[in-house]
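What the coordinates show
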Amino acid sequence: MHHDEIIGKVQALARLPDRGTAERATHAVVSTLSERLPSGLARHVAAQLPPDLAADMRLAADTSGGADSGTAGERFGLTVFAGRIADRAGTDEDTALRDAAAVLEVLDAALAPELTERIAGALPSDIRELLPVERTHGL
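Now for a look at the structure at hand. (Residues numbered from 1 in each chain as written. Predicted model: local features only at pLDDT ≥ 70, side-chain atom pairs only at ≥ 80, totals over all residues. Heavy atoms only, no water.)

**Side note on the overall build of the protein**
Filter applied, for reference: The helix and strand labels rest on DSSP assignments: H or I over at least four residues marks a helix, E over at least two residues marks a strand, and numbering proceeds from the N terminus. Each residue gets one of three labels from its accessible area relative to the maximum for its type: buried under 20%, exposed over 50%, partly exposed in between, using a 1.4 Å probe on protein chains only. Residue contacts follow a heavy-atom distance rule, with two residues in contact if any of their heavy atoms lie within 4.5 Å.
Within the protein, the secondary structure is distributed over nine helices and zero strands. The linear arrangement of helices and strands in the protein, starting from the amino end, is α-α-α-α-α-α-α-α-α. The proportion of buried residues among the 139 residues of the protein is 50%. Of all intrachain contacts in the protein linking residues separated by at least 6 positions in sequence, the fraction that spans at least 24 positions is 65%.

Here it is in structure tokens:
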């Protein structure tokens, strides 16, 4: 999926007023998600994203995981996840959660199914609840 398509879908799903807001939300969620994922998984996700989003994913993975691709992501739950997204996007936490659900749904459609399954398996249950319903079953 191309960058413009991802941003447009996030804007529509989250009912955001403009592309700039959708862009900020998408980058905030991708960066925060990459901090939570094991660094190797974050790099696999980055390989399937458009270049600017891939850069966000790799930067956070490299910062939190170092050069070792087997390094676990940071351990934090939904409250910290929402707070980081809100800080990065310049919104409140409720808006951040709504935006995160939209971004995660778009990523679910954009990434290979086995990769989205791995993402779901790497997240704690409270963050996993933001994923599309079919990803939360069976985990």
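There's more to say after this.
**Things to note about the environment of A46**
Among the secondary structure elements, A46 is positioned in helix α3 (residues 39-46). Judged by its relative accessible area of 1%, A46 falls in the buried class. Considering only alpha carbons, one finds A46 and M57, 11 residues apart in sequence, at a separation of 5.6 Å. In this structure, A46 is in contact with A54, M57 and R58, ignoring residues within four places of it in sequence.

**Examining helix α5 (residues 78-89)**
Counted only if it meets this: By this rule the span expected of a helix is its residue count minus one, scaled by 1.5 Å.
Spanning 12 residues, α5 covers 16 Å between terminal C-alpha atoms, matching the ideal 16 Å at 1.5 Å per step. The secondary structure elements touched by the buried residues of α5 are α2 (19-36), α6 (93-110) and α8 (125-128). Phi turns positive, to about 70°, at G90, one or two residues after α5.

**Here we look at the nonpolar core**
Soluble, globular proteins show a tendency: their nonpolar side chains are buried together. What counts is decided by this rule: For our purposes a nonpolar core is just a set of buried Ala, Val, Leu, Ile, Met, Phe, Trp, Tyr and Cys residues, chained together by side-chain atoms within 4.5 Å.
Core analysis: the largest hydrophobic core is formed by 41 residues, its most contacted members being L33, V45 and L49. No other element matches α6, which puts seven residues into this core. In this structure, L33 is in contact with M57, F81, L104, L107, I119 and L123, ignoring residues within four places of it in sequence.

**Here's the deal with unusual backbone geometry**
For R15, which is not a glycine, the phi torsion comes out positive at approximately 55°. Along the polypeptide, R15 turns up in the loop between α1 (3-14) and α2.

**Observations concerning the pattern of salt bridges**
To keep things clear, this is the line we draw: Note on definitions: salt bridges are taken to be side-chain nitrogens of Lys or Arg within 4 Å of carboxyl oxygens of Asp or Glu.
Summed over the entire model, instances satisfying the criterion amount to six salt bridges. Between D4 and R19 there is a salt bridge, and its shortest N-O distance comes to 3.4 Å. With a gap of 15 residues between them, D4 in helix α1 and R19 in helix α2 connect regions that are remote in the sequence. By relative accessible area, which is 37% here, R19 ends up partly exposed. The salt bridge involving R84 is made with E35; its shortest N-O contact spans 2.8 Å. Taken as a pair, R84 in helix α5 and E35 in helix α2 lie far apart in primary sequence, 49 residues in all. The class of E35 is buried, set by a relative accessible area of 11%.

**What about the packing of aromatic side chains?**
Applicable threshold: To pair, rings of Phe, Tyr and Trp, with the six-membered ring standing in for Trp, must have centres within 6.5 Å; the planes then decide the type, stacked if under 30 degrees apart, edge-to-face if over 60, and tilted in the middle. A ring is considered to have a charge above it if a Lys NZ or an Arg CZ atom is located within 6 Å of its centre and within 35 degrees of its normal.
Counted according to the given criterion, the structure contains one aromatic pair. Ring geometry for F76 versus F81: centroids 6.5 Å apart, planes at 25°, classification stacked. A single burial state applies to F76 and to F81, both of which are buried. Seen from the ring of F76, R36 lies directly overhead, with NZ or CZ sitting 5.9 Å from the centre. Over the ring of F76 we find R84; its NZ or CZ atom is 4.4 Å from the centre of that ring.

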